[in-house]
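# Examination of the molecular architecture
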Amino acid sequence: MATTDNSENKMENSQGGIKRRTLLKALVGVPVLGVFAYELIKKYSYDQEKKARLVKELGLDNLPLPTIVKSSKGSKNDLIRVGIIGYGSRAVSHANGLGFMHPNDVEARTKNNNMADWLAQEDLNVAITGICDVFDLHAENGLATARNTVRAGGAAPSALPVKRYRTYQEMLDDKDIDAVMIATPDHHHAPISIAAAQAGKHIYCEKAPAHSEEQIIPLYETVRNSKVTYQLGHQITQSVIFQQAREIIKKDILGKITLVETTTNRNTADGAWIRHLDKNGNPKPGDETTIDWNQWLGHTPKVPFSVDRYYNWTKFFAYDIGLIGQLFTHEFDAVNQLLNIGIPKSVMSSGGIYYWKDNREMADTLQCAFEYPNHDLTLLYSAMLANSRSRGRVFMGHDASMELGNAINITVDGSSTKYKKQIEAGLIDPSGPMVSFNPNSGKVDAVTSATEKYYAARGLTTTTINGIQVDVTYLHIKEWIDCIRSGKTPSANIEMAFQEAVTCIMAHKSYVEKRRVEWDPEKRRIV
Amino acid sequence: MKDLAKYTVAEKFVLVALRILIGWHILYEGFAKLLIPNWSAASFLKESKWILEGFSSWIIANQSVLNIVDFLNTWGLILIGLGLILGLFTRIASISGAALLLVYYLNNPPFIGLEYTLPSEGSYLIVSKTLIESMALVVLAIFPSGYFAGIDMLLAGRKNK
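So, how was this worked out
Residues numbered from 1 in each chain as written. Chains lettered and ligands numbered in written order. Predicted model: local features only at pLDDT ≥ 70, side-chain atom pairs only at ≥ 80, totals over all residues. Helix = DSSP H or I, 4+ residues; strand = E, 2+ residues; numbered from the N terminus. Buried ≥ 20, exposed ≤ 12 C-beta atoms within 10 Å, placed from the backbone. Contact = placed C-beta atoms within 7 Å. Pairing = 2+ DSSP bridges. Axes fitted to C-alpha atoms, helices over the stretch in contact; angles between N-to-C directions. Parallel < 35°, antiparallel > 145°, perpendicular 65-115°, else oblique. Left-handed = near helix turned anticlockwise from the far one by under 90°. Nonpolar A, V, L, I, M, F, W, Y, C, P; charged D, E, K, R; others polar. Domains from an automatic or database assignment. Right-handed = clockwise from strand over helix to strand, strands pointing away. pLDDT = per-residue confidence, 0-100.

Once that is clear, we can look at the overall build of chain B. Within chain B, the secondary structure is distributed over 8 helices and 0 strands. Here the C-alpha coordinates of chain B stretch approximately 50 × 35 × 25 Å along the principal axes. Counting over 161 residues, chain B shows a buried share of 39%.

Take the overall build of chain A next. When you go through chain A residue by residue, the secondary structure sums to 18 helices and 16 strands. Here chain A holds 527 residues, and the buried ones make up 40% of them. Long-range contacts, defined here as pairs at least 24 residues apart, represent 70% of the contacts in chain A between residues at least 6 apart.

Residue and element names in this part refer to chain A. Along strand β2 (residues 126-132), 7 of the 7 residues are buried, which leaves the element largely enclosed by surrounding structure. In this sheet, β2 lies alongside strand β1 (residues 80-85) in parallel orientation, the contact comprising 6 bridges. Each bridged residue has a counterpart across the sheet, and for Val 82 the counterpart in β2 is Ile 128. The pairing of β2 with strand β3 (residues 163-165) spans 3 bridges and is parallel. Considered in β3, the bridge of Ile 131 is made with Arg 164.

A few words on the sheet that holds β1(A). Residues and elements named next belong to chain A. Spatial strand order, β3-β2-β1-β4-β5-β6: 6 strands in an open sheet with parallel pairing. If you trace the sheet from one side to the other, it starts and ends with β3 and β6 (230-233), each paired once. Recorded for the sheet is a direction-independent mean angle of 25° between the axes of neighbouring strands. Against the sheet, helix α7 (residues 136-147) engages β1, β2 and β3, with an angle of about 165° to β2.

This paragraph deals with the packing of helix α9 (residues 189-198) of chain A against helix α10 (residues 213-224) of chain A. All names here are of chain A. Contact pair α9 / α10: the axes reach a minimum separation of 9 Å and the direction vectors enclose 20°. By the angle between their directions, the pair α9 and α10 is classed as roughly parallel. Relative to α10, α9 is oriented so that their crossing is left-handed. Between α9 and α10, the contacting residues are Ala 190, Ser 193, Ile 194, Ala 197 and Gln 198 on the first element and Gln 215, Ile 216, Pro 218, Leu 219, Thr 222 and Val 223 on the second. Of the residues belonging to the contact of α9 with α10, the class tally is 7 nonpolar, 4 polar and no charged.

Turning to the packing of helix α5 (residues 90-107) of chain B against helix α6 (residues 129-142) of chain B, a few remarks are in order. All names here are of chain B. Two numbers describe how α5 lies on α6: the axes approach to 8 Å, and their chain directions differ by 160°. Taken together, the axis directions place α5 and α6 in an arrangement best described as roughly antiparallel. Once α5 is placed against α6, the crossing between them reads as left-handed. Between α5 and α6, the contacting residues are Arg 91, Ser 94, Ile 95, Gly 97, Ala 98, Leu 101, Leu 102, Tyr 104 and Tyr 105 on the first element and Thr 130, Leu 131, Glu 133, Ser 134, Leu 137, Val 138, Leu 140 and Ala 141 on the second. By residue class, the composition of the contact of α5 with α6 is 11 nonpolar, 4 polar and 2 charged.

Further remarks concern the environment of Thr411(A). All names here are of chain A. Tracing the backbone shows Thr 411 in strand β13 (residues 408-412). Between the C-alpha atom of Thr 411 and that of Leu 254, which follows or precedes it by 157 residues, the distance is 9.0 Å. Apart from residues lying up to four places away in sequence, Thr 411 is in contact with Ala 400, Ser 401, Pro 430, Gly 432, Pro 433 and Met 434.

The next thing to look at is the domain arrangement of chain A. All names here are of chain A. By the assigned domains, chain A splits into domain 1 (74-238 + 483-497) and domain 2 (240-287 + 314-470 + 502-526). Of note, the centres of domain 1 and domain 2, computed from C-alpha atoms alone, are 27 Å apart. The interface is formed by 20 residues belonging to domain 1 together with 20 residues belonging to domain 2. Each residue belonging to the side of domain 1 that touches domain 2 can be placed in one class, and the counts come to 9 nonpolar, 7 polar and 4 charged.

What follows is about α9(A). All names here are of chain A. The buried fraction of α9 is high, at 7 of 10 residues. Tucked into the core, α9 has its buried residues touching β1, α8 (168-173), β4 (179-182), β5 (202-206) and α10. Gly 200 sits one or two positions beyond α9 and adopts a positive phi of about 75°.

Right, let's get into the pairing of β5(A). Regular strands place their side chains on alternate faces of the sheet. Residues and elements named next belong to chain A. Extensive coverage of β5 is indicated by the burial of 5 of its 5 residues. Here 4 bridges tie β4 to β5, and the two strands are oriented parallel to one another. The residue bridging Ala 179 from the neighbouring strand is His 202, located in β5. In the classification by handedness, the crossover that spans β4, the intervening α9 and the parallel β5 is right-handed.

It is worth spelling out the environment of Ile80(B) at this point. All names here are of chain B. Residue placement: Ile 80 occurs in helix α4 (residues 63-86). Remark: the alpha-carbon pair of Ile 80 and Ile 95, spanning 15 residues in sequence, is separated by 9.3 Å. Dropping the residues within four chain positions of it, Ile 80 is found in contact with Ile 26, Ala 93, Ser 96, Gly 97 and Leu 100.

As a further point, take the confidence of the model for chain A. Residues and elements named next belong to chain A. With 85% of its residues at a pLDDT of 70 or more, chain A has an overall mean of 85. Every residue in residues 1-14 is under pLDDT 50, and counting partners more than four places away or in other chains gives 24 contacts. Residue range residues 440-467 is modelled with pLDDT below 50. Its contacts to residues more than four positions away, or to other chains, number 78 contacts.

Below, the discussion takes up the environment of Ile324(A). All names here are of chain A. Locating Ile 324 in the fold gives a position in helix α14 (residues 322-339). A C-alpha to C-alpha distance of 6.1 Å links Ile 324 and Cys 504, two positions 180 residues apart in sequence. Those residues in contact with Ile 324 that sit more than four places away from it in its chain are Cys 504, Ala 507 and His 508.

Overall, the predicted model of chain B reaches an average pLDDT of 85, with 93% of residues at or above 70. Across the interface, the model reports ipTM at 0.84; the global pTM reads 0.74.

A negative phi angle characterises most non-glycine residues, just as the trans form characterises most peptide bonds. Residue and element names in this part refer to chain A. Cis geometry marks the peptide bond from Lys 207 to Ala 208; its omega dihedral reads -10°. Although it is not a glycine, Trp 273 sits at a positive phi angle of roughly 60°. For Trp 273, the position within the fold is in the loop between β7 (257-265) and α12 (293-297).

Dropping the structure here:
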């Protein structure tokens, strides 16, 4: 270009300087940049003001950002020795939450490059010192995990020996166990929890807490009269999103809530609890020589060993109360943690086995309606195992609805009284989500895309806690461990467990007995 | 290259105008990312389909790589936008812009059979606005618009002395 025979350049050279006209042309971009800067500032302040106004109109300003409470250092000196009863897939998450991982998982996650978040998990100063499982293979996994030298939070490998116990009674009798985590099939939850409370061991028990009135009442009494810290395994309320949902409810953004809809939407054999076959269609490992079948059956009727029952116990009412025990428990906890509704006045359930026509007893299509006249509220549960259309979990108020899942979306109701003015003024658009909180949000990036509007320009976004993806099971376990040390009461405590168990038992009774079931709050009995 | 004097005023005008318009767009895309707290290309890359899918998931899987990509993307867009508006290093800015836009395009090309969870703002079949904008920058890289109007004129003038 420098050699171009340009008449203007020639002129410049001949006059020994740059012509004014050339200079003007050369700097043509400068005024454009000036206009750009002016418009950019204008746009930025417009967006900020609009967002601030919207957030303020909805009363969402000053929403506290979630943080993890660091465990107090002074109390961390006392190591807590944990025993795990039932070492299946759920217990693997428990061990990970405690800061332990199986060598194979460490290898796999290192290969996939997703170890960092787990390694950053705070050291809870605990040791897994006991494993109890009726199946040798599972017990071996537990032992290898507890003995692994790779630990989360830079913790030192546990110096304590890890013992395998043949029965849970043996573990509970051992003075060297401080706390137990129960992740057995559901029919063992209540008996083991009661025995653990009597033995003075702190309890972290997976849902459901109990399957019958005959179980929940002694469980409740025993735990209440003991000094142990009881936490029911409901991790989802530990999510960042939940803390914000709680604020939204507290600030009455939704208006009067009269209906809460919760759902289960699955459409796979695994999702319908058919789990006894491996990927190649062969039966999974385990037989009478490696599984202590009598102990597995516990107090339930004696039946011959069956791989089907061992892996697919959820299908049978002797071991579980079906969808209500497996999945509605989470829904109930989520709603109860937010609204504190407790035990319903009445429950009606209906449904049937309409798709998975095997030997199951549990319904694969189920609807339950829980009535709370004292709260002017109906809680609905609709479960489906043969269609996965996502129906979400929605809190419906007169002024807005809140869909609460991995993110929160608030949609203002077109006929809202509270937001009438803002809707008329065009500030609030009831046709789509108004505010959405997404802990993993990022913005879609493409120069020509207009997805910004579609996405999160509508409101606030937060990051995961301190920018780290935190495992919610870990947070729930951490709360339990912290409460053991501080003597405080955890969120999924025995009161919550009692309310949940009674509600679930009522729903199950209604399904089985095909009638409306009520709660007598005076006598504290199901009628 | 054609003699600069051979371009008509109208030809020069439309090429410079095209350059400034694209520069404006790219500069704002850069600033928009800068102004959004915690902006990240992660959710865009998550949607990636076709030949760059594997590469994109590798970026997402590595936080440090992702941070570098985010930084380079934001500041790359800003520098390219400035270059195009000012007519400064016009050819480099045009070529880099064309390449960057082509990468965006290749991450989610509107081909038959590739489904995206996010809606696009227009209707596209194979050709999208991103591809057209990329091609427009190739045009600008071929025509010396920085020498019609832009700081490149001054740099050229200085070299000539």
